[in-house]
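Results of the structural survey
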Amino acid sequence: MDTESPANGVQEDQRRVPKHVAIIMDGNGRWANQRNRARTWGHREGVKSVRAVVEESVQRGVGTLTLFAFSSENWRRPPAEVSLLMDLFLSTLRGEVRRLNENGVRLRVIGERLAFSEKLQRRIADVEDLTANNVKLNLLVAANYGGRWDITQAARRIVADVLAERLDPAAIDERAVAARLSFADLPDPDLFIRTGGEKRLSNFILWQSAYAELYFTDILWPEFGAAAYGQALDDFAHRQRRFGLTGEQVTAQAGGGGDDRH
């Protein structure tokens, strides 16, 4: 028997690709420590995994990829590490712009930018403008971002709209909140990946990930390449997404032809 035939569902499962993948890139520092190197070296090496995951996302047809690069809580880290992360962010933006364009990737940064240097803010704006017309992949980089910050700034926008009489208080619902969050124009994450062995969300896109499939791996980020990422995507393809329904209801909605894992 041809084990790759559509009859056994293998090829069908491989086509079940998440529209949006969100990743907490954890483990750079521990990976470096295991090799008796500075944590900053781990962060530099982690850029290679970013390239691999971005390229694999394009190859697999993932529409949106969101990477947690720097949380609002990361400012508490040692000043030297924070400085390195800022410099690495700037140099990576500068060095990766051509690669992003060649792969049809549009870059957007989500988070509070005012805490960054003016130089970094300008570079972010330049790269966003340069890649604005690319359509193969939306690459969102969460920098100085927190899920609670995102919800808070959405609440502030709602208050401002109510005071300006652009929004009726009676019309405030989940859609009103969601419309004022970061990347409101893009689908919510289908798949939420965290590397490094920890099993928590760490204040990352909390509202938008309410129905995301969670995937935790012990692999440290610098070793999370295309193959490891592919395993996460394949795992997603075999999950049944119910959204409050029973498995039988999902199957019935799919026409009785098998589980609808989306």
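This one's a predicted model, so the numbers in the text were calculated from it and none came from an experiment. (Residues numbered from 1 in each chain as written. Predicted model: local features only at pLDDT ≥ 70, side-chain atom pairs only at ≥ 80, totals over all residues. Heavy atoms only, no water.)

Considerations on unusual backbone geometry
In this model, Asn144 sits at a positive phi of 50 degrees, which is unusual for a non-glycine residue. Summarising the element assignment, Asn144 is placed in strand E4 (residues 137-145). (Helix = DSSP H or I, 4+ residues; strand = E, 2+ residues; numbered from the N terminus.)

A look at the confidence of the model for the chain
Mean pLDDT over the chain works out to 88, with 87% of the residues at or above the 70 mark. Within the model, pLDDT remains below 50 along residues 1-14, and this stretch shows 10 contacts once partners closer than five positions in the same chain are excluded. In this model, residues 257-262 is a region of pLDDT below 50 whose contacts with residues beyond four sequence positions or in other chains number 20 contacts. (pLDDT = per-residue confidence, 0-100. Contact = heavy atoms within 4.5 Å.)

Remarks on the layout of surface pockets
Reported here for the largest pocket is a volume of approximately 930 Å³. In terms of lining residues, the largest pocket is bounded by 39 residues, among which Met25, Asn28, Phe68, Ala69 and Phe70 are the most central. Those elements that place two or more of their residues in the lining of the largest pocket are helix H2 (28-34), helix H3 (39-60), strand E2 (64-71), helix H4 (79-102) and E4. In terms of residue count, H4 provides more of the lining of the largest pocket than any other element does, 9 residues in total. Considered as a void within the structure, the second largest pocket measures approximately 280 Å³ in volume. Around the second largest pocket, the lining is made up of 13 residues, and of these Asp188, Trp207, Gln208, Ala210 and Tyr211 lie nearest the centre. (1 Å grid on protein atoms, 1.4 Å probe; cavity = no way out; pocket = protein on both sides within 12 Å on 5 of 7 lines; lining within 4 Å. Points joined across faces, edges and corners; volume = space filled by probe spheres on them.)

Concerning the sheet that holds strand E6 (residues 213-216)
Strand order in the open sheet formed by 6 strands is E3-E4-E2-E1-E5-E6, with parallel pairing between adjacent strands. The open sheet has two edge strands, strand E3 (105-110) and E6, and neither has a second partner. Each strand of the sheet is rotated relative to its neighbour by a mean of 20 degrees, with strand direction disregarded. (Pairing = 2+ DSSP bridges. Axes fitted to C-alpha atoms, helices over the stretch in contact; angles between N-to-C directions.)

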